[in-house]
Amino acid sequence: MKIRPQPFLSGHGDTKDMKLPLRRGRGRIFQRNAMPEPLQVTAAEAGQKLLQFLSRRFEEPQSVLHRWIRTGQVRINGGRAKPFDRVELNDEIRVPPFAGAGTKAERVPASSGGKELPPIVAETADVIVFCKPSGLPVHPGTGHTDSLTTRLEAAFAGSPFIPAPVHRLDRDTSGLLLVGKTYAAVRRLSDALAAHDGSVAKDYLAWVQGECPWSRPKRLEDHLAKRTVGAQGREKVVAGKSRTGGPNEKPASLTVRCLTVREGRSLVFIRLHTGRTHQIRIQFSSRDHALFGDRKYGAGDEDGCASIALWSWRLAFLHPQNETPVSFSQTPPPVFPWNLFDFSE
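Residues numbered from 1 in each chain as written. Predicted model: local features only at pLDDT ≥ 70, side-chain atom pairs only at ≥ 80, totals over all residues. Heavy atoms only, no water.

How should the environment of phenylalanine 161 be read in this particular structure?
Position of phenylalanine 161 among the secondary structure elements: in the loop between helix H3 (148–155) and strand S9 (164–165). Measuring from C-alpha to C-alpha, the distance between phenylalanine 161 and glutamate 45 comes to 6.1 Å, with 116 residues separating the pair along the chain. Discounting chain neighbours no more than four positions away, the residues touching phenylalanine 161 are Ala44, Glu45, Gln48, Arg56, Gly180, Lys181, Thr182, Tyr183 and Val186. (Helix = DSSP H or I, 4+ residues; strand = E, 2+ residues; numbered from the N terminus. Contact = heavy atoms within 4.5 Å.)

Spelled out as structure tokens, the structure:
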């Protein structure tokens, strides 16, 4: 019987077919000591907390990611890190050997049901301004899976950072919606919106019932809260009666000016100062000027009005890259009731 020579681990002999021993971990098989290449933080990802970075890169529960960090299996540029340390451009992030099995880049791309992204009004390296149609929610929810965010996930599948909306529009509201293409852009613009310091302007157009008395700019102040109403226990947002605000009530503020009155309806310009749920609809309906076509807070049975006559007309902000003032606007389409007014005037 011939004895086949065995290769030596010292470098002599043919070792090309030799493999490192395998071991099993959490349902996965990986090579012992086979360390993956470190992840490099891209410009789109820079500024995130480490935990956010890992959550976007890996299909793992938060508890697992916390354990990786706590036990030193995740390191930033060779050093131990904490979950809320921020990662910067070109940082090298070391992860456990078995982490690659759960990378989101290797997932099957999210399905958008064959539906495309809404029309793009403007795009830079940091932001996209979409013209959102009525009926498309910004986020998925109960009873509907199609949304702008799911379409973004499908369109940018495998990208280091999935573009994310900076603010929200109601499902039935149409017009301009701002999306950040990098984490830094999303964070800076979101912080500016939350500050309510005027650095971000959100202007709307709306048709409301009745003749509005506000021919000059008028500031409307309310306190809004969610209430359970009706026999079916449905949730609605209502305006509180107290000027100082009661428990669980949040301040809501906007400035309105009436542009014209046509056929018993008023076209109004609105500058939003706070971004409460259904804020514009409630502040007007509580003053007997419900938005045209609003089935929840108004009559909602107007002939020829397919959706709420509320249009996100203009967005103005400081560009997140260089803080240059920028402004984007889009007039409503020439359909009823918007065709009652000539926006070219």
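After presenting the structure, the write-up continues.
Explain the sheet that holds strand S5 (residues 79–80) to me, please; I cannot follow it from the model alone.
Adjacent strands of a sheet pair through backbone hydrogen bonds, lying either parallel or antiparallel. Taken together, 4 strands build an open sheet; the order of strands is S3-S6-S4-S5 and the sheet is antiparallel. One side of each edge strand has no neighbouring strand; the edge strands of this open sheet are strand S3 (39–40) and S5. In terms of strand pairing, strand S4 (residues 75–76) meets strand S6 (residues 92–94) through 2 bridges, oriented antiparallel. Across the sheet, isoleucine 76 pairs through a bridge with isoleucine 93, a residue of S6. (Pairing = 2+ DSSP bridges.)

Could you clarify how one ought to interpret the pairing of strand S15 (residues 265–272) in this entry?
Look at any regular strand and the pattern is simple: side chains alternate between the two faces of the sheet. With respect to burial, S15 is a largely interior element, 6 of its 8 residues being buried. Pairing of strand S11 (residues 201–209) with S15, which is carried by 8 bridges, proceeds in the antiparallel orientation. Directly across from aspartate 203, in S15, lies its bridge partner arginine 271. (Buried < 20%, exposed > 50% of the residue type's maximum accessible area, 1.4 Å probe, protein only.)

I keep staring at the packing of helix H1 (residues 50–57) against helix H2 (residues 62–70) and nothing clicks. Help me out?
In helix packing, the relevant descriptors are the interaxial angle and the interaxial distance, both defined with respect to the helix axes. Where H1 meets H2, the axes come as close as 10 Å, and the angle between the chain directions of the two elements is 125°. In this view, H1 runs oblique relative to H2, as classed from their interaxial angle. Relative to H2, the crossing made by H1 is right-handed. Along the contact surface, H1 presents Leu50, Leu51, Leu54 and Ser55, while H2 presents Gln62, Leu65, His66 and Ile69. Classifying every residue of the contact of H1 with H2 gives 5 nonpolar, 3 polar and no charged. (Axes fitted to C-alpha atoms, helices over the stretch in contact; angles between N-to-C directions. Parallel < 35°, antiparallel > 145°, perpendicular 65-115°, else oblique. Left-handed = near helix turned anticlockwise from the far one by under 90°. Nonpolar A, V, L, I, M, F, W, Y, C, P; charged D, E, K, R; others polar.)

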